[in-house]
Amino acid sequence: IRKNIFFNLSGIVKDERTLFTMNEVQVSLVSSDKVSIKIFTNEDGYYAFDSTMFEEDKTYRLHISKDNFFSVSNDISTFEYTDNHNFVYDVLLKPIPEEPIMLPDILYDLGRWDLKPQYQDSLMVLVKILNDNPNLIIELRSHTDSRASLEFNDDLSQKRAQTVVDFLVGKGIDPGQLVAKG
């Protein structure tokens, strides 16, 4: 005889700037077998999934999103639990800023556009942001020094920006989310 194990998930969503609770934030729970349930936070920023939405020995992806805010995702697993468990996941959503977001510098050899391995790691943060926010479109800019001709430098800077775009697309990012600007 195997006893049933029950799981619940709840939390409160707040604006990171103001720390006020946020209503009408979409909260999705997607199981490893692709069953998806979507709910919205109430006027107190509260959301909850009850035990009818969870099963033992599964992995779930919790995704929290609202327009003009960066989305947040978290993986939840029920594999390790042998008794009932209440998951609590409170979230601070960060607003998408109006001004450009500066990434760490990516440096290239003179006259080259190959993306060096040490800079690929710093781009993985951007991969996570873009995966979590499929509605986000970003422009990646690159430049050169002034040692060569204007035409050569224009072409080189565009190739450098495109190299970063190609790297991100290779990591599964939708090309429609990316604009290369040399």
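None of these values were measured; they are calculated from a predicted model.

(A) Local environment of the layout of surface pockets. Considering only enclosed or pocket space, the largest pocket measures out at about 1,200 Å³ in volume. Lining the largest pocket are 38 residues, and of these Ile101, Leu103, Glu139, Leu140 and Arg141 sit closest to its centre. Per-element tally for the lining of the largest pocket: the top contributor is helix H2 (residues 150-170), with 6 residues. Here the lining of the largest pocket is built from residues that sort into 24 nonpolar, 5 polar and 9 charged. Here the second largest pocket is characterised by a volume of approximately 150 Å³. Considering the residues around the second largest pocket, the lining is formed by Phe70, Ser71, Val72, Lys94, Ile101, Lys128, Ile129, Asp132 and Asn133. Top element by residues in the lining of the second largest pocket is helix H1 (residues 117-132). It accounts for 3 residues. Classifying every residue of the lining of the second largest pocket gives 4 nonpolar, 2 polar and 3 charged.

(B) Seen up close, the nonpolar core. Core analysis: the largest hydrophobic core is formed by 21 residues, its most contacted members being Leu9, Val13, Tyr47, Phe49, Leu62, Ile64 and Leu93. The set of elements that each furnish at least two residues to this core consists of strand S1 (7-15), strand S2 (26-31), strand S4 (46-49), strand S5 (59-65), strand S6 (72-77) and strand S8 (91-93). Sequence-distant contacts of valine 13, defined by excluding residues within four places in its chain, comprise Phe20, Thr21, Met22, Val25, Thr41, Gly45, Tyr47, Ile64, Val91 and Leu93. The next biggest cluster of nonpolar side chains, apart from the first, holds 19 residues, and it includes Leu123, Val165, Leu168 and Ala180.

(C) Examining the environment of histidine 63 more closely. Relative to the helices and strands, histidine 63 is located in strand S5. The buried category is assigned to histidine 63, whose relative accessible area is 19%. Spatially, the C-alpha atom of histidine 63 lies 25 Å from that of methionine 102, the residues being 39 residues apart in sequence. In this structure histidine 63 touches Gln26, Val27, Ser28, Ser71, Val72, Ser73 and Asp132, once residues within four positions along its chain are discounted. A polar side-chain atom of histidine 63 sits 2.7 Å from a polar atom in the side chain of serine 73.

(D) Inspection of the packing of H1 against H2 at higher detail. Here H1 crosses H2 at 60°, and the two axes come no closer than 10 Å. Accordingly, the angle class assigned to the pair H1 and H2 is oblique. Relative to H2, H1 is oriented so that their crossing is right-handed. Touching Gln120, Leu123, Met124, Leu126, Val127 and Leu130 of H1 are Val164, Phe167 and Leu168, all from H2. Split into classes, the residues belonging to the contact of H1 with H2 amount to 8 nonpolar, 1 polar and no charged.

Thresholds, definitions, all that
- Residues numbered from 1 in each chain as written.
- Predicted model: local features only at pLDDT ≥ 70, side-chain atom pairs only at ≥ 80, totals over all residues.
- Heavy atoms only, no water.
- 1 Å grid on protein atoms, 1.4 Å probe; cavity = no way out; pocket = protein on both sides within 12 Å on 5 of 7 lines; lining within 4 Å.
- Points joined across faces, edges and corners; volume = space filled by probe spheres on them.
- Helix = DSSP H or I, 4+ residues; strand = E, 2+ residues; numbered from the N terminus.
- Nonpolar A, V, L, I, M, F, W, Y, C, P; charged D, E, K, R; others polar.
- Core = buried A, V, L, I, M, F, W, Y, C linked by side-chain atoms within 4.5 Å.
- Buried < 20%, exposed > 50% of the residue type's maximum accessible area, 1.4 Å probe, protein only.
- Contact = heavy atoms within 4.5 Å.
- Polar contact = N/O pair within 3.5 Å; in protein donor to acceptor, adjacent residues only side chain to side chain.
- Axes fitted to C-alpha atoms, helices over the stretch in contact; angles between N-to-C directions.
- Parallel < 35°, antiparallel > 145°, perpendicular 65-115°, else oblique.
- Left-handed = near helix turned anticlockwise from the far one by under 90°.

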